[in-house]
Amino acid sequence: MYVSYDIKGIQQFIFSIPKLKCIIGASSQIANFDEEVVKNCGETINASLIFSGGGKGAFAVDSPETAMSLIDTLIQAAHKLGLDIRIGQE
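Conventions and cut-offs
Residues numbered from 1 in each chain as written. Predicted model: local features only at pLDDT ≥ 70, side-chain atom pairs only at ≥ 80, totals over all residues. Heavy atoms only, no water. Phe/Tyr/Trp six-rings, centres within 6.5 Å; stacked < 30°, edge-to-face > 60°. Helix = DSSP H or I, 4+ residues; strand = E, 2+ residues; numbered from the N terminus. Buried < 20%, exposed > 50% of the residue type's maximum accessible area, 1.4 Å probe, protein only. Salt bridge = Lys/Arg side-chain N within 4 Å of Asp/Glu carboxyl O. Core = buried A, V, L, I, M, F, W, Y, C linked by side-chain atoms within 4.5 Å. Contact = heavy atoms within 4.5 Å. Polar contact = N/O pair within 3.5 Å; in protein donor to acceptor, adjacent residues only side chain to side chain.

Engineer: Describe the packing of aromatic side chains, with residues and values.
Structural biologist: The geometry of two aromatic rings is summed up by the distance between their centres and the angle between their planes. Per the counting criterion, the structure on display carries 1 aromatic pair. A centroid spacing of 5.8 Å and a plane angle of 80° characterise the contact between Tyr5 and Phe33, whose relative ring orientation is edge-to-face. Residue Tyr5 is located in strand 1 (residues 2–8), and its partner Phe33 is located in helix 2 (residues 20–45); the two are separated by 28 residues in the primary sequence. An identical accessibility class is assigned to Tyr5 and Phe33; each is buried.

Now the structure itself:
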């Protein structure tokens with residue numbers, strides 16, 4: 001079973017304030033989400049991270065319960081940073 005995510009509105013989020021420091025900071029938040037937050041979510045829930053980068057990523061999970069737990073955790077983490085996220089499940 002697979003779970004994927006996609007941060008919605010990345011360009012709008014990054015360029016919402018036309019100051020270079022803010023643009024760099026917003027871009028850095030998305031990179032941090034992909035590198036740190038997503039990795040920690042996967043390790044905590046015991047999901048195998050396949051890839052993450054550019055506001056997108058995918059996990060392999062072993063059960064529907066693990067998938068739901070991962071989905072809830074990703075949504076909460078994204079909303080905590082002010083990001084909107086789409087989730088896919090197969």
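Engineer: Describe the pattern of salt bridges, and please don't skip the residues or the numbers.
Structural biologist: Counted according to the given criterion, the structure contains 1 salt bridge. Ionic pairing is found between Asp6 and Lys56, a salt bridge with its closest N-O pair at 3.7 Å. Placement of Asp6 in strand 1 and of Lys56 in strand 3 (residues 56–60) is noted, with a sequence separation of 50 residues between them.

Engineer: Help me get a handle on the nonpolar core, residues and values and all.
Structural biologist: The biggest cluster of nonpolar side chains holds 19 residues, and the ones touching the most others in it are Tyr5, Phe33, Phe59, Leu70, Leu74 and Ile85. Residue assignment for this core shows that the elements contributing at least two residues are strand 1, helix 2 and helix 3 (64–80). The element contributing the most residues to this core is helix 3, with 6 residues.

Engineer: Quick rundown of the environment of Ser52? Include the residues and the values.
Structural biologist: Here Ser52 lies in strand 2 (residues 48–53). The class of Ser52 is partly exposed, set by a relative accessible area of 27%. Separated by 18 residues in the primary sequence, Ser52 and Asp34 have C-alpha atoms spaced 5.5 Å apart. Beyond its immediate sequence surroundings of up to four residues, Ser52 is in contact with Tyr5, Asp34, Val38 and Gly57. A polar contact is formed between the side chain of Ser52 and the backbone oxygen of Asp34, at a distance of 2.8 Å.

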